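# Observations on the model geometry
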Amino acid sequence: MTNGWTDIRNADVVLVMGGNPAENHPCGFKWVLEAKKQRRAKLVCVDPRFNRTAAVSDLFVQIRSGTDIAFLGGLIRYAIENRRYHEEYVRLHTNALLLLAPGSELDANGLFAGFDGTRYDRSLWRYDIEAGMARRADSLDDPRCVFQHLRRHFSRYTPQVVADICGCSPQDFLGAAEVITSTGTADRAGTILYALGWTQHSCSVQIIRAAAILQLLLGNIGRPGGGLNALRGHANIQGGTDHGVAFHALPGYLQMPRAEDTSLAAYLSRTTPRALLPTSLNTWQHTPRFFVSLLKAFYGPAARPDNDFAYDLLPKIDGNYSWVYLFDRMYAGQIRGLLAFGMNPVAGGPNSDKILAALSRLDWLVVAEAFETETAAFWKVVREAPATEVFLLPAAIFAEKDGSFTNSARWVQWKHRAADPPGEARPDQEILARIFLAVRALYEAEGGAFPDPIVQLSWPYSDPQRPSLEEVAREINGRDLASGKQLSGFTELRADGSTACGNWIYCGSFTEAGNLMDRRDGRDPSGLGRYEGWAWSWPMNRRVLYNRASADAQGRPWDPTRPGIAWDGARWRGDVPDTQADAPPDALGAFIMLPEGLARLWAPDFADGPFPEHYEAAEHPVPNLLHPQRSINPVALILQSDRDRLGTADEYDIVATTFRLTEHFHYWTKHIAPTTALQPEFFIEVPEELARERGIAHADRVRVRTARGAIQGRALVTRRIRAMRVGGRIVYQIGIPIHWGFTGRAGASREGLGPLANLLTATVADPNSFTPEYKTFLCRLEKLS
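Residues numbered from 1 in each chain as written. Predicted model: local features only at pLDDT ≥ 70, side-chain atom pairs only at ≥ 80, totals over all residues. Heavy atoms only, no water.

## Brief notes about the sheet that holds strand β2 (residues 42-47)
- The five strands are arranged β3-β2-β1-β6-β7 in an open sheet whose pairing can be described as parallel. A single partner strand is all that each edge strand has here, and the edge strands are β3 (59-62) and β7 (228-230). On average, each strand axis in the sheet is tilted by 15° relative to the strand beside it, whichever way the strands run.
- When strand β1 (residues 13-17) meets strand β6 (residues 190-194), the two strands line up parallel, connected through four bridges. The residue bridging Val-16 from the neighbouring strand is Leu-193, located in β6.
- This element, helix α10 (residues 204-217), spans β6 and β7 of the sheet and lies at about 170° to β6. (Pairing = 2+ DSSP bridges. Helix = DSSP H or I, 4+ residues; strand = E, 2+ residues; numbered from the N terminus. Axes fitted to C-alpha atoms, helices over the stretch in contact; angles between N-to-C directions. Contact = heavy atoms within 4.5 Å.)

## As for empty space enclosed by the protein
- Tallied over the entire structure, the rule returns five cavities of 30 Å³ or more.
- Each pocket or cavity is described by its volume, and for the largest cavity that value is around 60 Å³.
- Taken together, Asn-3, Gly-4, Thr-6, Asp-7, Trp-411, Leu-528, Gly-529, Arg-530, Arg-543 and Val-544 make up the lining of the largest cavity.
- Residues belonging to the lining of the largest cavity are distributed by class as follows: three nonpolar, four polar and three charged.
- What the second largest cavity holds in volume is close to 50 Å³.
- Broken down by secondary-structure element, the contributors of at least two residues to the lining of the second largest cavity are α14 (323-331) and α16 (352-359).
- With four residues, the single largest contributor to the lining of the second largest cavity is α14.
- Classifying every residue of the lining of the second largest cavity gives five nonpolar, two polar and two charged. (1 Å grid on protein atoms, 1.4 Å probe; cavity = no way out; pocket = protein on both sides within 12 Å on 5 of 7 lines; lining within 4 Å. Points joined across faces, edges and corners; volume = space filled by probe spheres on them. Nonpolar A, V, L, I, M, F, W, Y, C, P; charged D, E, K, R; others polar.)

## Brief notes about the sheet that holds strand β14 (residues 411-415)
- Ordered by their spatial adjacency, three strands build an open sheet running β13-β14-β19, and the pairing between neighbours is antiparallel. The open sheet terminates on both sides in strands that have one partner only, identified here as β13 (403-406) and β19 (536-537).
- Two elements, β14 and β19, share two bridges in a ladder whose sense is antiparallel. By the bridge assignment, Trp-411 is partnered in β19 with Ser-537.

## Let's talk about the nonpolar core
- In this structure, Phe-71, Leu-72, Phe-147, Trp-198, Leu-217, Leu-228 and Leu-601 are the most contacted members of the largest nonpolar core, which totals 77 residues.
- With residues near it in sequence (within four places) discarded, Leu-601 still touches Val-90, Thr-94, Asn-95, Ala-96, Val-146, Leu-150, Arg-209, Ile-213, Leu-216, Leu-217, Pro-610 and Phe-611.
- In terms of nonpolar packing, the next biggest core, distinct from the first, is built from 51 residues, Leu-338, Ala-691, Ala-715 and Phe-777 among them. (Core = buried A, V, L, I, M, F, W, Y, C linked by side-chain atoms within 4.5 Å. Buried < 20%, exposed > 50% of the residue type's maximum accessible area, 1.4 Å probe, protein only.)

## Examining the packing of aromatic side chains
- By the definition in use, this model includes 34 aromatic pairs.
- Ring geometry for Tyr-194 and Trp-198: centres 5.1 Å apart, planes at 25°, overall stacked.
- Each residue in the set Phe-112, Phe-115, Tyr-120 and Trp-125 is aromatic and connected to the rest through ring pairs, giving one cluster.
- For Lys-316, the ring lying beneath its charged end belongs to Tyr-311, and the centroid distance is 4.4 Å.
- Here Arg-361 stacks its cationic end above the ring of Tyr-331, 4.1 Å away from the centre of that ring. (Phe/Tyr/Trp six-rings, centres within 6.5 Å; stacked < 30°, edge-to-face > 60°. Lys NZ or Arg CZ within 6 Å of the ring centre and 35° of its normal.)

## Regarding the packing of helix α12 (residues 264-271) against helix α13 (residues 287-299)
- The contact between α12 and α13 brings their axes to 10 Å, and the two run at 140°. Considered as vectors, α12 and α13 are oriented oblique to each other. As α12 packs across α13, the resulting crossing turns out to be right-handed. Contact with α12, carried on its side by Leu-264, Tyr-267, Leu-268 and Thr-271, involves Thr-287, Pro-288, Phe-291, Val-292 and Leu-295 of α13 and no other residues of that element.
- Here the residues of the contact of α12 with α13 are counted per class, giving seven nonpolar, two polar and no charged. (Parallel < 35°, antiparallel > 145°, perpendicular 65-115°, else oblique. Left-handed = near helix turned anticlockwise from the far one by under 90°.)

## Here's the deal with the side chain of Glu-369
- Counting through the fold element by element, Glu-369 comes out in strand β11 (residues 364-369).
- Salt bridges are absent for the buried Glu-369, whose nearest opposite-charge side chain, Lys-401, sits at 8.7 Å.
- What Glu-369 contacts, discounting residues up to four positions off in sequence, is Gly-342, Met-343, Leu-392, Leu-393, Pro-394, Ala-395 and Trp-668. (Lys, Arg positive; Asp, Glu negative; His and termini not counted. Salt bridge = Lys/Arg side-chain N within 4 Å of Asp/Glu carboxyl O.)

## Structural notes on helix α17 (residues 428-446)
- If you check α17, its first and last C-alpha atoms are 27 Å apart, about what 19 residues at 1.5 Å a residue would give, namely 27 Å.
- Turning to α17, the residues buried within the fold contact β10 (337-341), β11, β12 (389-394), α18 (452-455) and α19 (469-477).
- Two residues or fewer past α17, Gly-447 is found with a positive phi of approximately 70°. (Expected span 1.5 Å × (residues − 1).)

## With respect to the pattern of salt bridges
- Taken as a whole and judged by the stated rule, the model has 48 salt bridges.
- Here Lys-354 and Asp-328 are joined by a salt bridge, their closest N and O atoms 2.6 Å apart. You can see Lys-354 sitting in helix α16 and its partner Asp-328 sitting in helix α14, a full 26 residues away along the chain.
- Notably, a salt bridge pairs Arg-600 with Asp-605, separated by 2.7 Å at the nearest N-O pair.
- For Arg-600, a relative accessible area of 12% translates into the label buried.
- Residue class for Asp-605 comes out partly exposed when judged on its relative accessible area of 37%.

This is the structure:
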């Protein structure tokens, strides 16, 4: 989240799209209701299903799954053409006035410049540079500036085109556009809430980019009541991301070294950006400080200036090891073992049949879990008994261990153990520590091809077998190695090896003053829901990111009744400023992480284009209206093993999407009696019109089949999903809840693999985030006798 849960109450308009917080985030959703109650905020819900959020919204628009960019593109066009954008904000805080070199345009075939048939050459997407700095236009009317490129790109997304692609009516779109763009003024603010309905597509990152562009045009980024706010699906997903659980990232979103980064100097040269404008603070210029301090935390005394701070011990990536490629390599027999901690890939990954086959080709599998999951029990259901040796280690659940949760709002909140784990169950850090110490002992005794990364790893805990999480938290925060004192913020980090820090964005969370994550001061002096004394928010306890953009060129809040920060003539006051605290308003750009110091309406960072463009899902019911010859994302990741089959609209005539229920938590609570009683049986949401056409009555048993597999369940015939006219034909959508499988109390093992939703989904992923496309695929629906 750029803002946070408690800030939502400051909004005048709330757009929920790609999420269903009333059902999936019911505690956080109270802040939406607070905005409606206190500010008379309008709630707009755009979704393929009339869900529980839609039920309390002021305006609902149903769209076809996978067409979010078309809808958002229409909103961008509407804001520009009707001058409902915040022009002063756009000039001051975005790159709208910067000039572009030729090469950012989309051609008639749906391709940007630089496509070689597989990928784009992104070096062609660039600013017009003079003397190392980006050139600026005098006017937003300059045809070479970013703003005019943006206007031309989205000019095709008329209300009628949006309606024809999304399946809504032009009137429905225009009604939503009028409300959403009403916040493009200094005295109004609007927020966008999204979740997996945006992140699980083959163009997911560009969906979020489109939403960011819209919010920047409206002047809603950095302001109380504004923002672009991701709703995380688990209590600590944000914390996992922050700490580098993705294969291509290190803690604090530092880039993982590549094979070609053969030295520390080469890595830092590639990953440390140079400023593109003189007013850019360009925080990533300090990458050497962040990275060297991380190496010191990893390798301790073994990280020295004379050996590049043990840089050679850090793994280098030589390919794509994201989820879909990991299991593709496993299926090909290239991976011998897997440790699965708190993850259930058989149920949670796309194309579950392929994952089952991949696990069957391992030598060993270690699962640390509180219950026997589908992954731990995979050997019971595969067609041929695998040779895989499977270990199920009983692990403590969240209430049986202390530590921190980082929520969607970036609040890092310390929790205390409520009970001891039962029997032989152990907390994660003990399981990991005991495995590590045993492996290290083997390397020390027997040697190996390259034992140093394990043998030299720093393990400075008072109890090596069961590290204290407070000790780990202190290590993450960082310390000065000469004095031994905890650091108070990332500005104290150094690149000379004198500081150690496990994650630079968490520096300041556990200082000499103590564990700031454990604070519980519920007072709110701001009156805006910042609660600065409650827990700790990264970075630097800042509650709203980019908050310099909440003020104008003179440092005055756009809306004095909702000040983010304000310039008092000597310093910025209010929230922790997202700028240099004593820098005058005209000294630095508001977006300090970017080389321009300005927010990017145009961005060359992404694999699939400098502007978002509507592409159909890998499986789609109709050709792309904008460029039929290029229907899908040209650089989407589509795997092609013998188990990776894609269906066509001729074979599979119905669009399917997946969703979650309040009564179940992912694949976990089907093991628990009370939640199983609340939602005991798998079902499939079927539109009334489709049910009549296929002769399906409510509660009839039906089968859903895709090119990859089939599942069975009862039909829930509903008006929550209506038939849509798209591309001159009627298109139906069905909804499939994800929570069931072949283990647990609910529906377990009744039908072979059970109603495992991901037996249906395809091994297709976004080229930027590598997230699979769970949310849109094609299927057939059959009534069972």
